[in-house]
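# Residue-level structure breakdown
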Number of protein chains: 2
Amino acid sequence: MPEPIEDFYAVIPAGGIGSRLWPLSRAETPKFLHDLTGSGVSLLRNTWDRLLPLAGPERIAVVTGKAHEQKVETELPEILDRNVFIESDPRESAAAIGLAAAILQRREPDVIIGSFAADHHISRTRAFEFAVQQAVAVARAGYICTIGIPPTEPSVGFGYIQLGGELEVEGAPMAAEVERFVEKPDLETARRYYADRSFLWNAGMFIGRADVLLAELAANEPELHAGLVEIAEAWDEPARRDEVVARVWPTLKKIAIDYAVAEPAAAKGRLAVVPGHFDWDDVGDFASLAKLISDGRPDRMSILGQNDRVLADESTGLVVSQTNRVIAVVGVEGLIVVDTDDALLVTTSEHAQRVKSVVGALQESGRGSVL
Amino acid sequence: MPEPIEDFYAVIPAGGIGSRLWPLSRAETPKFLHDLTGSGVSLLRNTWDRLLPLAGPERIAVVTGKAHEQKVETELPEILDRNVFIESDPRESAAAIGLAAAILQRREPDVIIGSFAADHHISRTRAFEFAVQQAVAVARAGYICTIGIPPTEPSVGFGYIQLGGELEVEGAPMAAEVERFVEKPDLETARRYYADRSFLWNAGMFIGRADVLLAELAANEPELHAGLVEIAEAWDEPARRDEVVARVWPTLKKIAIDYAVAEPAAAKGRLAVVPGHFDWDDVGDFASLAKLISDGRPDRMSILGQNDRVLADESTGLVVSQTNRVIAVVGVEGLIVVDTDDALLVTTSEHAQRVKSVVGALQESGRGSVL
């Protein structure tokens with residue numbers, strides 16, 4: 001196990017519900033609180049455990065909503081109070097990560113922060129650690145660094161990062177400049193990227209000196225930056241924090257860090273990338289979950305939950321069982337069944353992306369109590 | 001409404017569980033106790049109501065198992081005690097109908113009985129009544145008469161009856177001899193029968209003088225006949241019935257009335273048929289139920305149960321909802337979802353026939369508590 005990196009702070013934004021995983025993920029129990037891989041612990045806890053050797057237990061922060069504060073602390077009993085940053089309402093990733101950057105930079109001016117989603121799945125953690133170590137070295141040299149995942153298929157579900165020229169940074173043998181930062185492509189483009197091999201998936205990991213990240217934010221979104229700095233100045237003064245947060249936070253622009261920081265930095269040649277040669281999955285929908293759990297055997301029915309009460313006859317796909325009911329599935333390929341106490345979802349891998357629109361329809365039709 | 005037919009007695013065998021409709025149909029609550037059509041009452045009650053104008057309330061008998069006696073009497077509060085015939089264990093249709101014939105014939109030597117399944121769906125009841133009236137006229141002339149349904153598709157799920165020459169019976173203008181009685185055919189044969197138009201579906205309805213039915217049974221299955229007669233002689237003597245039933249019933253051969261009576265009668269030219277020009281469905285499996293409920297609109301999702309908690313997005317088929325859960329189905333054609341408190345079935349219309357084997361597998365694997 002590596003020694004924790006001295007000037008490094010890990011930040012875990014734990015925000016999104018994961019609507020495409022409804023009815024498993026809910027407003028009350030979002031995706032990051034679930035054990036989606038059968039590992040026995042939640043994705044959030046997995047994320048913490050993965051970052052622990054890199055940052056140490058006192059230098060991992062979580063940014064989350066009020067509604068989840070209690071559950072986050074139950075999952076992570078070791079977390080220090082000062083490392084829990086509560087968003088009074090969700091304002092997207094630039095505000096969440098920017099808040100952490102602004103607070104941590106005030107506490108420790110030269111700190112390097114790395115942001116890692118709370119609800120992704122990663123295996124082969126040695127390779128993950130090596131990628132982060134390199135990214136920190138690149139960040140120390142003044143770049144904002146991301147970790148890109150070599151695609152395993154022509155996915156239209158992720159943004160892509162095009163590799164540029166190699167970077168000469170001590171301790172980061174695989175680092176490169178980012179040529180281009182591209183949004184989710186259409187299938188034809190995705191196929192081209194996949195064949196090209198110079199395109200990597202954007203896994204939403206950003207590592208940079210907090211002051212560099214904030215300077216980039218100031219250049220692109222000055223009002224957002226100013227608001228975050230004002231909040232950060234009051235954050236560690238209990239008497240002032242609540243007033244400033246209540247006044248400023250609701251005014252902050254909702255924007256993804258990709259647009260507010262990463263793309264403009266790429267355009268200026270200040271964004272670097274380290275390829276991450278580990279298994280990564282954002283477990284974005286049930287098709288992706290089915291694939292992950294099937295463990296390379298798509299010809300069978302994968303089961304998450306009460307195995308011995310599921311009977312699959314000539315069927316493949318995924319059954320998520322959160323109740324004690326017997327579940328019999330007969331003759332359906334790529335089936336997705338998610339059985340919870342108050343809601344049942346039946347779809348196929350092919351239509352897994354549509355689940356988000358079902359959530360919208362349930363909300364609109366007054367059945368939001370199950371969301 | 002017609003006057004009840006004076007010498008006619010209707011018999012309703014209410015036996016089968018309807019395994020292909022699991023988990024809706026169970027040993028405790030077999031198919032005939034369910035409202036499968038959204039009519040508001042059970043199939044058994046529908047059957048009773050349909051026979052009432054033909055036989056009157058005092059001349060409809062039900063043959064059922066001990067386990068269902070109470071529920072049958074709840075469904076049919078008007079039924080006379082003397083018209084409830086309890087089977088101490090299930091011994092198939094020849095024993096069930098033969099028991100009724102033997103008891104009723106002792107009570108009323110010239111009685112004509114008609115046997116009608118408890119769990120079929122029929123609409124256009126005027127046409128049904130007309131068919132039964134004709135069949136009774138044919139039975140009075142000494143034939144055993146069945147009612148055959150003109151096929152609406154080349155089904156492999158039913159036996160077929162081939163029409164022979166016309167019969168000259170007063171009051172039965174559509175009656176014909178039965179040329180041949182054939183078992184469930186393969187698809188190619190079914191297509192031929194369907195094109196031929198002289199083949200009708202065997203809907204399991206038999207009408208005959210009780211003495212004629214018993215004579216046919218005596219000729220083909222003498223031991224079964226002798227046993228039934230022995231039981232019938234003791235039936236109306238409370239002091240003797242239990243002893244005789246306990247001794248004789250368990251020895252009776254298990255055989256379908258088709259083999260024990262109808263086929264041999266057809267071979268002798270003693271089986272007649274009246275075509276029934278009404279809508280008939282045996283509601284044998286979920287594919288058939290889906291079709292029945294869809295009301296000729298297979299392009300939509302049919303719902304049996306809690307309509308307002310089912311959300312179907314780009315899906316067709318059938319959802320049976322017996323719980324209060326929200327059910328969302330996304331992007332599956334011909335889907336069958338049956339949601340009950342302790343068991344969930346997911347399949348497609350195409351595989352509806354396989355449900356019976358699932359029931360077998362659940363039994364074998366020790367999960368019989370949900371059957």
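Residues numbered from 1 in each chain as written. Chains lettered and ligands numbered in written order. Predicted model: local features only at pLDDT ≥ 70, side-chain atom pairs only at ≥ 80, totals over all residues. Heavy atoms only, no water.

Under the annotation held in an unreviewed UniProt entry, chain A carries the name Mannose-1-phosphate guanyltransferase and is attributed to Microbacterium album.

### Structural notes on the sheet that holds strand β13 (residues 310–313) of chain B
Paired through backbone hydrogen bonds, the strands of a sheet run either parallel or antiparallel to each other. Taken together, the 6 strands give an open sheet; going across it, the order is β12(A)-β14(A)-β16(A)-β17(A)-β15(B)-β13(B), and neighbouring strands pair in mixed fashion. Unpaired on one side and paired on the other, β12 (301–305) of chain A together with β13 of chain B mark the two borders of the sheet. The sheet shows a mean angle of 10 degrees between the axes of neighbouring strands, taken without regard to direction. In this sheet, strand β15 (residues 326–330) of chain B lies alongside β13 of chain B in parallel orientation, the contact comprising 4 bridges. Directly across from Val310 of chain B, in β15 of chain B, lies its bridge partner Ile327 of chain B. Along the sheet, helix α11 (residues 355–364) of chain A makes contact with β17 (343–348) of chain A together with β13 and β15 of chain B, crossing β13 of chain B at roughly 140 degrees. (Pairing = 2+ DSSP bridges. Helix = DSSP H or I, 4+ residues; strand = E, 2+ residues; numbered from the N terminus. Axes fitted to C-alpha atoms, helices over the stretch in contact; angles between N-to-C directions. Contact = heavy atoms within 4.5 Å.)

### A short note on the packing of helix α6 (residues 210–220) of chain A against helix α7 (residues 222–235) of chain A
Residues and elements named next belong to chain A. Look at α6 against α7: their axes get within 5 Å of each other, and the N-to-C directions meet at 135 degrees. When the axes of α6 and α7 are compared, the pair comes out oblique. Together, Leu214, Leu217, Ala218, Ala219 and Asn220 of α6 and Pro222, Leu224, His225 and Leu228 of α7 make up the contact between the two elements. (Parallel < 35°, antiparallel > 145°, perpendicular 65-115°, else oblique.)

### Regarding the domain arrangement of chain A
Where interface size is quoted, it is often the accessible area lost as the parts come together. Residues and elements named next belong to chain A. For chain A, the assigned domains are domain 1 (8–281) and domain 2 (286–370). Domain 1 and domain 2 are separated by 29 Å when their C-alpha centres are compared. With 15 residues of domain 1 at the interface, the matching set in domain 2 holds 22 residues. At the surface where domain 1 touches domain 2, the tally comes to 2 salt bridges. Between Lys291 and Glu153 there is a salt bridge, with its nearest N and O atoms 2.9 Å apart. On inspection of domain 1 and its partner domain 2, the count reaches 7 residue pairs in polar contact (both at pLDDT 80 or more). (Domains from an automatic or database assignment. Salt bridge = Lys/Arg side-chain N within 4 Å of Asp/Glu carboxyl O. Polar contact = N/O pair within 3.5 Å; in protein donor to acceptor, adjacent residues only side chain to side chain.)

### A word on the UniProt feature "domain: Nucleotidyl transferase" (unreviewed entry) in chain A
According to UniProt, the "domain: Nucleotidyl transferase" (unreviewed entry) feature falls on residues 10–292 of chain A. As annotated, residues 10–292 of chain A has a helix share of 41% and a strand share of 22%, and its two end C-alpha atoms lie 26 Å apart. (UniProt positions renumbered as here; feature names shortened; annotations may be inferred.)

### Observations concerning the sheet that holds strand β12 (residues 301–305) of chain B
Spatial strand order, β13(A)-β15(A)-β17(B)-β16(B)-β14(B)-β12(B): 6 strands in an open sheet with mixed pairing. Across the chains shown, the open sheet's two edge strands, defined by having one partner strand only, are β13 (310–313) of chain A together with β12 of chain B. Taking each pair of neighbouring strands and ignoring which way they run, the sheet shows an average axis angle of 10 degrees. Pairing of β12 of chain B with strand β14 (residues 317–321) of chain B, which is carried by 5 bridges, proceeds in the parallel orientation. Residue Ser302 of chain B lies in a different strand from β14 of chain B, and its bridge partner there is Leu318 of chain B. Its contacts with the sheet put helix α11 (residues 355–364) of chain B on β13 and β15 (326–330) of chain A together with β17 (343–348) of chain B, and the angle it makes with β13 of chain A is roughly 135 degrees.

### So, the packing of aromatic side chains
All names here are of chain A. Inspection of every chain in the model, using the stated rule, returns 16 aromatic pairs over all chains. Taken together, the ring pairs in this structure connect Phe116, Phe128 and Phe278 into an aromatic cluster. Lying over the aromatic face of Phe128, Arg50 brings its terminal NZ or CZ to 5.7 Å of the ring centre. The ring of Trp235 carries the charged tip of Arg241 above its face, separated from the ring centre by 4.1 Å. (Phe/Tyr/Trp six-rings, centres within 6.5 Å; stacked < 30°, edge-to-face > 60°. Lys NZ or Arg CZ within 6 Å of the ring centre and 35° of its normal.)

### Topic: the nonpolar core
Core analysis: the biggest nonpolar cluster contains 54 residues, and Phe8, Phe128, Val138, Met205, Ile207, Phe278 and Trp280 of chain B have the highest contact counts within it. Residue contacts for Trp280 of chain B: discarding those within four places in its chain leaves His120, His121, Ile122, Ile149, Phe158, Trp201, Asn202, Ala203 and Met205 of chain B. Counting residues in hydrophobic clusters, the runner-up holds 53 residues, among them Ile12, Phe116, Val182 and Ala190 of chain A. (Core = buried A, V, L, I, M, F, W, Y, C linked by side-chain atoms within 4.5 Å. Buried < 20%, exposed > 50% of the residue type's maximum accessible area, 1.4 Å probe, protein only.)

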